[in-house]
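Spelled out, the chains give:
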Amino acid sequence: MLQQLPVVPGVRLHAMQTDKFKTACFSVNFRRQHNAENAALDALLPSVLLRGTERWPDIRSISMRLDELYGATFGTLVRLKGEVKLTGFYADFLEDAFLPEGERVFAPMLEFLEQVLYHPYLENGCFPARSVEGEKQNLMNAIESSLNDKRTYAALRLRSILCEGEDYAVPRLGRAEDVAKITPEALFAHYRTVLEESQVEIFYAGRLAPEQVAETLRGVFAGHAPKRVTPVSTAPHPAPTQVREVSESLDVTQGKLVLGLSTGILTTDPDYPALALFNAVYGSGMTSKLFVNVREKLSLCYYASSAVDKYKGIMQISSGIEFDKYETAKTAILNELEACRRGEITDEELESARRALLSALRAALDVPARLDDYYVGCAIAGGDSVEAFMEKIAALQKDDLVRAAQRIRLDTIYFLKGVGA
């Protein structure tokens, strides 16, 4: 069972006491409003902070310290839940119960966290220029690599067109040109703003009692509570008034057909469990309609799948096709959606999808990092526990999926084709 406890004003703990794992984990998330102005700064900041602290001033000494803590891991986080940005750190470490008598890791990990957050290594009162430049290059490389993968590129282009004018259209890591402009002084000023204005959400999973974890965390955050918490929010994607079709050409050998749809269903909507199961029937997995009918039987796509963003209320359908199969593939993909709306879902399709979705949820219960991501999302936008969500999935009938499918509206079609195609 997840418990929520205050740590200090503006800092909240979400704790799950469990003896299921030999390792414990925690994440520290600064809750930010995602927008074009701050996206690159938010993405760069955790990496620069992890370059050095007052006590461990470089990457080598940080690595040695984590090795001393029985190989603990401590990495950066930059994730989006709709238009809410979560930037911070994730740690995984051996439980104290499995250490030699008298040895501890949890308390030293929090000491390390405090150093990273509040005692970064500085030169002349600012982040070292070499650290900032090095991490800027790493971030720009990450952004460029995603653009070089044309499947990812097409998905990002669809998102930017679908959500034009919304902060959701801004890439999670920001834009390379914005990263290039960041100075050490600008990043340090942003760092101060993040500490002073951000609500902090902390997730913990391990053997310690939540009250004990909260009390220990107070030692880290006492004196560092945000001075004022800036409200953040996400807006659901509006229902479309007309369907947009956009085609672009690049030097590619395979077409990328991506469709964006408005679901009108967020994580707290009573129809969200039905939408999740409908997505499994329609386009998620090897028993889905898109895979079996469009990819395998009709041989129209190299790949075809759908995914739902429960924080923004959108669905995205991605496929790889031959350039001359655009109309045929588009029609086939949408025909499968219409079939679901009419209730043309077989018992085999429904139960195969249900088994696959429940299996994925059960697997999430065995992976601390996936539990962290799920419950941090609940802290941001609400939602059921994994167990309660599974119970709802198990009880759904075909009519529930039909009702959810009928709420979905096609918004934008994007086609990336080859030059001259």
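Model, not experiment: these values are computed from the prediction.

1. Observations regarding the overall build of the protein chain
Consideration 1: Within the protein chain, the secondary structure is distributed over 15 helices and eleven strands.
Consideration 2: The C-alpha atoms of the protein chain give a radius of gyration of 23 Å, which matches the 22 Å a tight globule of 421 residues would have.
Consideration 3: If one aligns the C-alpha atoms of the protein chain with their principal axes, the spans along those axes are about 65 × 50 × 35 Å.
Consideration 4: Buried positions account for 55% of the 421 residues belonging to the protein chain.
Consideration 5: If you take every contact in the protein chain between residues at least 6 apart in sequence, the share linking residues at least 24 apart comes to 81%.
Consideration 6: In the structure as shown, the protein chain presents an accessible area of about 18300 Å², 50% of it carried by carbon and sulfur atoms.
Consideration 7: The centroid of the 48 positive side-chain charges in the protein chain is displaced by 2 Å from the centroid of its 57 negative side-chain charges.

2. Some words on the pattern of salt bridges
Consideration 1: Throughout the structure, instances matching the rule amount to 34 salt bridges.
Consideration 2: We note a salt bridge from Arg 51 to Glu 135, for which the minimum N-O separation is 3.1 Å. Within this pair, whereas Arg 51 is found in the loop between helix 1 (39-49) and helix 2 (59-68), its partner Glu 135 is found in helix 4 (residues 129-148), the two being separated by 84 residues in sequence.
Consideration 3: Among the charged side chains, a network of salt bridges with common partners joins Asp 269, Asp 271, Asp 400, Arg 403 and Arg 407.

3. Here's the deal with the sheet that holds strand 11 (residues 409-418)
Consideration 1: Spatially, the five strands line up as an open sheet ordered 7-11-8-10-9, and their pairing is mixed. The open sheet has two edge strands, strand 7 (244-250) and strand 9 (303-309), and neither has a second partner. Taken over all neighbouring pairs, the strand axes of this sheet differ in orientation by 15 degrees on average, direction set aside.
Consideration 2: Two strands pair when backbone bridges link them, and strand 8 (residues 255-262) and strand 11 are joined in this way by seven bridges, in the antiparallel orientation. What sits directly across from Lys 256, in strand 11, is Leu 416.
Consideration 3: Against the sheet, helix 9 (residues 272-282) makes contact with strand 9 and strand 10 (314-321), and its axis sits at roughly 175 degrees relative to strand 9, the strand it touches most.
Consideration 4: Seen against the sheet, helix 10 (residues 289-297) touches strand 9 and strand 10 and runs at an angle of roughly 150 degrees to strand 9.

4. Looking at the sheet that holds strand 4 (residues 73-81)
Consideration 1: Taken in spatial order, the six strands of this open sheet run 1-2-6-3-5-4, and their pairing is mixed. In this open sheet, the two strands that pair with only one neighbour each are strand 1 (2-8) and strand 4. Mean inter-strand twist for the sheet, computed between neighbouring axes without regard to direction, equals 20 degrees.
Consideration 2: Strand direction decides the pairing type here: strand 4 and strand 5 (residues 84-94), joined by nine bridges, are antiparallel. Note that in strand 5 the partner of Phe 74 across the bridge is Ala 91.
Consideration 3: This element, helix 7 (residues 184-197), spans strand 3 (23-33) and strand 6 (199-206) of the sheet and lies at about 105 degrees to strand 3.

5. Brief notes about unusual backbone geometry
Consideration 1: At Tyr 70, a residue that is not glycine, the phi angle is positive and equals roughly 55 degrees.
Consideration 2: The residue Tyr 70 is located in the loop between helix 2 and strand 4 in this model.
Consideration 3: According to the relative accessible area criterion, Tyr 70 is partly exposed, its value standing at 38%.
Consideration 4: A positive phi is found at Asn 124, a non-glycine position, where the angle reads about 55 degrees.
Consideration 5: Looking at where Asn 124 falls in the secondary structure, it is placed in the loop between helix 3 (106-118) and helix 4.
Consideration 6: Judged by its relative accessible area of 84%, Asn 124 falls in the exposed class.

6. Some remarks on the state of the cysteines
Consideration 1: Under the definition given, this model contains zero disulfides.
Consideration 2: Free cysteine: Cys 340, not disulfide-bonded; nearest cysteine sulfur from Cys 301 at 15 Å.
Consideration 3: As a non-bridged cysteine, Cys 378 has Cys 25 as the owner of its nearest cysteine sulfur, 15 Å distant.

7. Some thoughts on the pairing of strand 2 (residues 11-17)
Consideration 1: Of all seven residues making up strand 2, five are buried, and the element is well covered by its neighbours.
Consideration 2: Bridge count between strand 1 and strand 2: six bridges; the pairing is antiparallel. Pairing of Pro 6 across the sheet is with Arg 12, part of strand 2.
Consideration 3: Hairpin connection from strand 1 to strand 2: two residues lie between these consecutive antiparallel strands, with Gly 10 at a positive phi of about 90 degrees.
Consideration 4: Alignment of strand 2 against strand 6, held across seven bridges, turns out to be parallel. Each residue of the ladder has a partner; that of Ala 15, found in strand 6, is Tyr 204.

8. Topic: the packing of helix 9 against helix 14 (residues 386-395)
Consideration 1: It is the contact of helix 9 with helix 14, at a shortest axis distance of 9 Å, that shows an interaxial angle of 70 degrees. In this view, helix 9 runs roughly perpendicular relative to helix 14, as classed from their interaxial angle. For the crossing formed where helix 9 meets helix 14, the hand is right-handed. For the pair helix 9 and helix 14, the contacting residues are Tyr 272, Pro 273, Ala 276 and Leu 277 in the first and Phe 389, Lys 392 and Ile 393 in the second.

Definitions and limits used
- Residue positions are given per chain, counting from 1 as you read along its sequence in written order.
- In keeping with the model being predicted, local features are shown solely for residues with a pLDDT of at least 70 and side-chain atom pairs are shown and tallied solely at 80 or more, while totals for entire chains, interfaces and linings include all residues.
- Heavy atoms from the whole structure form the basis of all side-chain values; hydrogens and water molecules are not counted.
- Helix and strand assignments follow DSSP, with helices taken as H or I runs no shorter than four residues and strands as E runs no shorter than two, numbered in order from the N terminus.
- As a reference, a globule follows 2.2 Å times the number of residues to the power 0.38, and the radius of gyration itself is taken over C-alpha atoms.
- Exposed residues in this analysis have more than 50% of their type's maximum accessible area, buried residues have under 20%, and partly exposed residues fall in between, with area computed by a 1.4 Å probe over protein chains only.
- By the convention used here, residues are in contact when the closest approach between their heavy atoms is within 4.5 Å.
- Accessible surface area values rest on a Shrake-Rupley calculation with a 1.4 Å probe, where residue burial reflects the displayed protein chains alone.
- We count Lys and Arg on the positive side and Asp and Glu on the negative side, and we leave His and both chain ends out.
- A charge is said to be at NZ when it belongs to Lys, at CZ for Arg, at CG for Asp and at CD for Glu.
- Think of a salt bridge as a Lys or Arg side-chain nitrogen and an Asp or Glu carboxyl oxygen that are within 4 Å of each other.
- Between any two strands, at least two bridges found by DSSP are needed for them to pair.
- For helices, the fitted line uses only the C-alpha atoms of the stretch in contact; every axis is such a line through C-alpha atoms, and the angle between N-to-C directions lies from 0 to 180 degrees.
- Counting rule for disulfides: a pair of cysteine sulfur atoms within 2.5 Å.
- Should an angle lie under 35 degrees it is considered roughly parallel, over 145 roughly antiparallel, and from 65 to 115 roughly perpendicular; all remaining angles are considered oblique.
- Each crossing is labelled by how the near helix is turned from the far one, with a counterclockwise turn of less than a right angle marking it left-handed and a clockwise turn marking it right-handed.

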